[in-house]
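# Commentary on secondary and tertiary structure
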Amino acid sequence: MSLSHHLFLVSSFSTAFTTYCFNLGPRGIDPAACPTLHVPGVDSVALRDADVGVHYATPGTSHRLVVPPPISSRGLSSPDLSEVDWPAPSLAWEAFYPNGSINPAAAIPGGFGFYVAGPAAFSEKLAAGATHAVLSYRMMLQEGWEWVKGGKLPGIYGGEGDSSYACTGGRQEARSKCFNVRPMWRPKGQGELYTYLPLTDRNQQQLSAVPPYSTGNAQYGFSVGRNAFNFDVGRWITLAFRVKLNDVGSENGELELWVDGESVISVSGLTLRDSDKSRIKGAHFQTFFGGHEVDWASPKDQRAWFADLSGAIIE
Ligand SMILES: *[C@@H]1O[C@H](CO)[C@@H](O)[C@H](O)[C@H]1NC(C)=O
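Notes on the structure in this doc start here. On a predicted model such as this, the values are computed, not experimentally measured, just so you know. Residue indices begin from 1 for each chain and proceed along its sequence in written order. Where totals are concerned, whole chains, interfaces and linings use all residues; where local detail is concerned, this predicted model gives features only for residues with pLDDT of at least 70, and gives and counts side-chain atom pairs only at 80 or more. Heavy atoms from the whole structure form the basis of all side-chain values; hydrogens and water molecules are not counted.

### Points about the pattern of salt bridges
Pairing is possible between side chains that carry opposite charge, provided their charged atoms lie close to one another. Between Lys or Arg on one side and Asp or Glu on the other, a salt bridge is scored when a side-chain nitrogen of the former is within 4 Å of a carboxyl oxygen of the latter. Taken as a whole and judged by the stated rule, the model has 14 salt bridges. Put simply, lysine 177 and glutamate 160 hold a salt bridge, and the shortest N to O gap is 3.2 Å. With lysine 177 in the loop between β9 (155–160) and β10 (178–185) and glutamate 160 in strand β9, this residue pair connects regions lying 17 residues apart in the sequence. Working definition: with a 1.4 Å probe on protein chains only, accessible area under 20% of the residue-type maximum means buried, over 50% means exposed, and in between means partly exposed. The exposure class of lysine 177 is partly exposed, given its relative accessible area of 23%. Residues glutamate 192 and arginine 186 are paired through a salt bridge, measuring 3.2 Å at the closest nitrogen-oxygen approach. Connected through shared salt-bridge partners, Arg64, Glu94 and Arg303 make up one network. Helix and strand assignments follow DSSP, with helices taken as H or I runs no shorter than four residues and strands as E runs no shorter than two, numbered in order from the N terminus.

### Brief notes about the nonpolar core
One broad rule of soluble globular proteins: the nonpolar side chains tend to lie buried together. Among the nonpolar cores identified, the biggest contains 63 residues, and Trp93, Phe231, Phe285 and Phe306 are the most heavily contacted of them. It is strand β7 (residues 132–141) that provides the largest number of residues to this core, a total of 5 residues. Here, nonpolar core refers to any group of buried Ala, Val, Leu, Ile, Met, Phe, Trp, Tyr and Cys residues whose side-chain atoms link them within 4.5 Å.

### Quick notes on the side chain of arginine 182
Along the polypeptide, arginine 182 turns up in strand β10. In the analysis that follows, any N or O atom pair within 3.5 Å is treated as a polar contact, provided that within protein one partner can donate a hydrogen and the other can accept it, and provided that, for residues neighboring in sequence, both atoms belong to side chains. A polar side-chain atom of arginine 182 sits 3.2 Å from a polar atom in the side chain of asparagine 180. Of note is the side chain of arginine 182, whose polar atom sits 2.5 Å from the side chain of glutamine 286. Apart from the residues lying within four places of it in its own chain, the contact partners of arginine 182 are Lys152, Leu153, Gly155, Thr168, Glu192, Leu193, Tyr194, Tyr196, His284, Gln286 and Phe288. Between two residues, a contact is recorded if the distance between any of their heavy atoms is within 4.5 Å.

### Quick word on the pairing of β10
Extensive coverage of β10 is indicated by the burial of 8 of its 8 residues. Alternating residues of β10 divide into Cys178, Asn180, Arg182 and Met184 and Phe179, Val181, Pro183 and Trp185, and every residue in both groups is buried. Two strands pair under a simple rule: DSSP has to find at least two bridges between them. In the sheet, β9 pairs with β10 via 4 bridges, with the strands oriented antiparallel. In the sheet register, isoleucine 156 faces β10, and the bridge partner there is valine 181. In the sheet, β10 pairs with strand β11 (residues 190–196) via 6 bridges, with the strands oriented antiparallel. Bridge pairing links tryptophan 185 to glycine 191 in β11. Counted between consecutive antiparallel strands, the loop separating β10 from β11 contains 4 residues, among which lysine 188 sits at a positive phi close to 60 degrees.

### Here's the deal with the packing of aromatic side chains
Each pair of aromatic rings is reported with the distance of its centres and the angle of its planes. Pairs were defined over the aromatic rings of Phe, Tyr and Trp, the Trp ring being its six-membered one, requiring ring centres within 6.5 Å. Orientation was assigned from the angle between planes: stacked under 30 degrees, edge-to-face over 60, tilted for the rest. Taken as a whole and assessed by the stated rule, the structure comprises 23 aromatic pairs. Aromatic side chains phenylalanine 114 and phenylalanine 285 sit 5.5 Å apart centroid to centroid with 20 degrees between the ring planes, which places their arrangement in the stacked category. Separated by 171 residues along the polypeptide, phenylalanine 114 in strand β6 (residues 112–116) and phenylalanine 285 in strand β16 (residues 278–289) bring together distant segments of the chain. By relative accessible area, which is 1% here, phenylalanine 285 ends up buried. Ring geometry for tyrosine 194 against tyrosine 196: centres 6.0 Å apart, planes inclined by 75 degrees, an arrangement best described as edge-to-face. As far as burial versus exposure is concerned, tyrosine 194 and tyrosine 196 are alike and both buried.

### Let's talk about the site of the ligand
Near residues are defined by distance, with any heavy atom within 4 Å of the molecule or strand qualifying the residue. Taken together, Asn99, Pro299 and Lys300 form the complete shell of residues around the ligand. Note that a nitrogen atom of the ligand is positioned 3.4 Å from one of the backbone N or O atoms of proline 299. Note on areas: Shrake-Rupley, 1.4 Å probe, and residue coverage restricted to the protein chains presented here. Here the ligand has 360 Å² of accessible area as a free molecule, and 21% of this is covered by the chains.

### Side note on the state of the cysteines
Any pair of cysteine sulfurs within 2.5 Å is marked as a disulfide. The full count for this structure, using the stated rule, is 1 disulfide. Across a sulfur-sulfur distance of 2.1 Å, cysteine 167 and cysteine 178 are joined as a disulfide pair. The sign of the 65 degrees torsion about the S-S bond sets the cysteine 167-cysteine 178 disulfide as right-handed. Taken together, the positions of cysteine 167 in the loop between β9 and β10 and cysteine 178 in strand β10 put the pair 11 residues apart, joining distant regions of the chain. As far as burial versus exposure is concerned, cysteine 167 and cysteine 178 are alike and both buried.

Set out below in structure tokens:
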């Protein structure tokens, strides 16, 4: 079977996992119930914190495992494979964004934030120096979603040791020691990648050139490929990220984002590290409304669901 599945999209890999088979059955995992992903070498794991290496969760936020709602009737005619070849997740992490919430550290915390290393076999390969990997998941925004000005969604991160963490929020120091790439929604569901990469001239050039619109912000991150894709609400959307570390001293790193199996943003010629000690670390599972000013706040209680966390090591 080919791995041209929306979660993987790579033709060869050495170590891979998915929580796609995690369900409500007696054993929690039932590979027989998910034949489309019953591929040798893809380990089925549970979407449980300990099993997928969740750590450094932001205090005051939660990511409860819930049975997500059914997709909207409008969603049934979407291009997603949901409900036909590829059943909707039976369990998902729920993010709750209360009315008035901005980021997890604001007066009214919203969304959630934590880091995911993956199951042991996967995280050990990353720690041993894997240079090319894919991480993916499915997500659904609640029907009736209000976008306001924008918000963050889970992405990927890496770097040198503990410098890889908190590579966000306007960080200026040790920026060559980390990278952080999260999707953002913008008004009307426009999608982009919001990146913190080492601050090299070539990175600025390569990111600026991504169509249809990219812009740097001296204080914060770099908006890449705004409106290269659109988020839909009330149905499951698959996001898959590919990152290829540069060889130290060469500007040959790569980033790619697929949405529902379509490559929508692809950037090469990047520097993601300046040291052989820098690693791809896993997923930065963070989501909230913002920005950090009140005009970014959620205007009502809203929810989103995240499931089918998957990863594959290419090299
Ligand atoms: C959200 O909170 C604001 C400010 O307290 C309030 O005016 C508004 O009615 C609330 N919206 C909803 C949908 O409850």
